[in-house]
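In case you want the letters, here they are:
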Amino acid sequence: MTAQASGSPYWVQLLISALGLFGGASGLGVLATVAMQRRKLKADTAGALTDAALALVQPLRSRVTELETEALSVREQLTASQRELRELRTTVWDLTRTLQRWREAIFAPGATVRRIQALVMEEDRGPHRQRGHVQ
Amino acid sequence: MGNFYKRTTHRVYEFAVLVTAPVCGVLLVALNVRPQSVELAMPYAIKISWEFGLIVVGVAGLLGMFWPGQLGTGLGIELAAVLMLGAIAAMYVVAVLAVAGGQAVVAASFVSAVAAGSWLRSAEIVRSLRMLMRLPEAGVCPSPEGET
């Protein structure tokens, strides 16, 4: 072959040596970098996983707590409103009955002012105390 | 550690080359033969490190490919290996072209394909590593089962 003639050129050896140096240096450099950044890379894969998950979950968790307290207070308000509504309905019922009785008394055939006054006086003390407190 | 099938199917060519490299290096050392081009074109020290480089690079590359620990570490080892593999293949291309010239077209083409592929793969790994480092800042989790 003509190998001996063309194999010797200086630039070929130089090029090969340069490539070899480049390969070796870059490989070792990368290995060194990886060894140095191992911790960081580790944090990136496994550690970051939990960190990222926590970071994602944390605001959601606080939001849930917030909403829970809010729901609780709303439920309390609802119960209070329902109680108030019940009481008001009772009061209205009582008042309607009272009005009806008075009306009957007023339009009764032998109605006199005195008799009506006596009735109203009596009711003031009596019947509408029977259903708890009235607002 | 992902299963063997999943890891190799995506990179069959790389796997084949990385398996071939140490086999080739061991054969060269064991049989004490060298291609004429290598013998003629490379200085002695480079020649020796070229031979052992083949073995080291293949083993390191496979190690990186199937690294059981952190994904980042495995990728780093693989990156070092494919960078060196590219250099080793390119060295052989230069040697064989310088010595055999036009007769070495086929060998030079295929081996330079190995070099180009290795360097492309190393660029890809660099991109992956960079992405891996940005993941926590973006608050995204890398999928834990599929890749580590």
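Criteria and thresholds
- Residues numbered from 1 in each chain as written.
- Chains lettered and ligands numbered in written order.
- Predicted model: local features only at pLDDT ≥ 70, side-chain atom pairs only at ≥ 80, totals over all residues.
- Heavy atoms only, no water.
- Helix = DSSP H or I, 4+ residues; strand = E, 2+ residues; numbered from the N terminus.
- Buried < 20%, exposed > 50% of the residue type's maximum accessible area, 1.4 Å probe, protein only.
- Areas by Shrake-Rupley, 256 points an atom, 1.4 Å probe, with all protein chains shown as cover.
- UniProt positions renumbered as here; feature names shortened; annotations may be inferred.
- Expected span 1.5 Å × (residues − 1).
- Arc of directions from axis to C-beta.
- Phe/Tyr/Trp six-rings, centres within 6.5 Å; stacked < 30°, edge-to-face > 60°.
- Patch = residues over 30% accessible without salt bridge, like charges linked within 9 Å, V, L, I, M, F, W, Y side chains within 5 Å.
- Salt bridge = Lys/Arg side-chain N within 4 Å of Asp/Glu carboxyl O.
- 1 Å grid on protein atoms, 1.4 Å probe; cavity = no way out; pocket = protein on both sides within 12 Å on 5 of 7 lines; lining within 4 Å.
- Points joined across faces, edges and corners; volume = space filled by probe spheres on them.
- Nonpolar A, V, L, I, M, F, W, Y, C, P; charged D, E, K, R; others polar.

Undergrad: Just to check I follow, could you spell out the overall build of chain B for this structure?
TA: Looking only at helices and strands, one finds seven helices and zero strands in chain B. Taking all 148 residues of chain B together, 46% fall into the buried category. If you sum the accessible surface of chain B, you get close to 7,300 Å²; carbon and sulfur atoms cover 71% of it.

Undergrad: Hey, could you run me through the side chain of S122(B) in this one?
TA: Tracing the sequence through the fold places S122(B) in helix α6 (residues 105–138). Classification of S122(B) as buried rests on a relative accessible area of 5%.

Undergrad: When you look at the UniProt feature "transmembrane region" (unreviewed entry) in chain B in this model, what are you seeing that I'm missing?
TA: All names here are of chain B. In the numbering used here, UniProt assigns the "transmembrane region" (unreviewed entry) feature to residues 12–32, 44–67, 79–98 and 104–123. Taken end to end, residues 44–67 is 92% helix and 0% strand, and its first and last C-alpha atoms sit 34 Å apart. This span, residues 104–123, is 95% helix and 0% strand, and a straight line between its end C-alpha atoms measures 28 Å.

Undergrad: Explanation requested: helix α2 (residues 12–31) of chain B in the structure shown.
TA: Along an α-helix, residues three or four apart share an orientation, since each turn contains 3.6 residues. Residue and element names in this part refer to chain B. Its 20 residues place the ends of α2 28 Å apart at the C-alpha level, agreeing with the 28 Å of an ideal helix rising 1.5 Å per residue. Among all positions of α2, only E14, L18, A21, P22, G25 and L28 are buried. The arc that holds every buried residue of α2, seen down its axis, measures 125 degrees, which confines them to one face. The outward face of α2, more than 90 degrees from its buried face, is lined by the exposed residues Y13, A30 and L31. Looking one or two residues beyond α2, the residue adopting positive phi is N32, at roughly 55 degrees.

Undergrad: Quick question: what am I supposed to make of unusual backbone geometry here?
TA: Glycine aside, residues mostly have negative phi, and peptide bonds are mostly found in the trans state. Despite not being glycine, N32(B) has its phi angle at roughly 55 degrees, a positive value. Its location among the elements puts N32(B) in the loop between α2 and α3 (36–41).

Undergrad: Just checking my understanding: could you explain the packing of aromatic side chains for this structure?
TA: The description of an aromatic ring pair uses the distance of the two centres, along with the angle that the planes make with each other. Using the criterion set out here, one finds three aromatic pairs over all chains in the structure. For the pair F22(A) and W119(B), a centre-to-centre distance of 6.2 Å together with 65 degrees between the ring planes defines the contact as edge-to-face. Of this pair, F22(A) sits in helix α2 (residues 10–107) while W119(B) sits in helix α6, each in a different chain. Since its relative accessible area comes to 41%, F22(A) is described here as partly exposed. In this structure W119(B) comes out as partly exposed when scored by relative accessible area, which is 29%. A ring pair is formed by W50(B) and Y92(B), whose centres lie 5.8 Å apart and whose planes are at 20 degrees; its orientation type is stacked. Taken together, the positions of W50(B) in helix α4 (residues 44–65) and Y92(B) in helix α5 (residues 71–100) put the pair 42 residues apart, joining distant regions of the chain. Take Y92(B): its relative accessible area is 18%, and that puts it in the buried class.

Undergrad: What am I meant to see in a nonpolar patch on the surface here?
TA: A surface patch of nonpolar side chains, amounting to about 420 Å² of accessible area, comprises V19(B), V23(B), L27(B), L31(B) and V33(B). Secondary-structure assignment places V23(B) in helix α2.

Undergrad: Sorry, what's going on with the pattern of salt bridges here?
TA: Opposite charge on two side chains permits them to pair, given that their charged atoms come into close proximity. This structure, assessed with the given rule, holds nine salt bridges over all chains. Taking the shortest distance from any N to any O, the salt bridge between R63(A) and E66(A) comes out at 2.7 Å. In this pair, R63(A) and E66(A) are both assigned in helix α2, three residues apart and thus about one turn of the helix distant. Judged by its relative accessible area of 41%, R63(A) falls in the partly exposed class. Accessibility expressed as a relative area gives 44% for E66(A), which makes it partly exposed. By sharing partners, the salt bridges in this structure join R11(B), E14(B), E78(B), R121(B) and E124(B) into a single network.

Undergrad: Just to check I follow, could you spell out α5(B) for this structure?
TA: All names here are of chain B. A rise of 1.5 Å per residue sets the reference length of α5, with its 30 residues, at 44 Å; its end C-alpha atoms lie 42 Å apart and thus fit the reference within 8%. The buried fraction of α5 amounts to 29 of the 30 residues, a majority that puts the element mostly inside the structure. Looking one or two places after α5, you find G101, whose phi comes out positive at around 60 degrees.

Undergrad: Help me understand the layout of surface pockets, please; the structure alone is not making it clear to me.
TA: If a probe the size of a water molecule is rolled over the atoms, the empty space left behind becomes visible. All names here are of chain B. Of the volumes computed, that of the second largest pocket is approximately 300 Å³. Lining the second largest pocket are 15 residues, with A21, C24, L54, V111 and V114 positioned closest to its centre. Counting residues per element, the ones that place at least two in the lining of the second largest pocket are α2, α4, α5 and α6. Of the residues forming the lining of the second largest pocket, the biggest block, five residues, is contributed by α2. Of the residues belonging to the lining of the second largest pocket, the class tally is 14 nonpolar, one polar and no charged.

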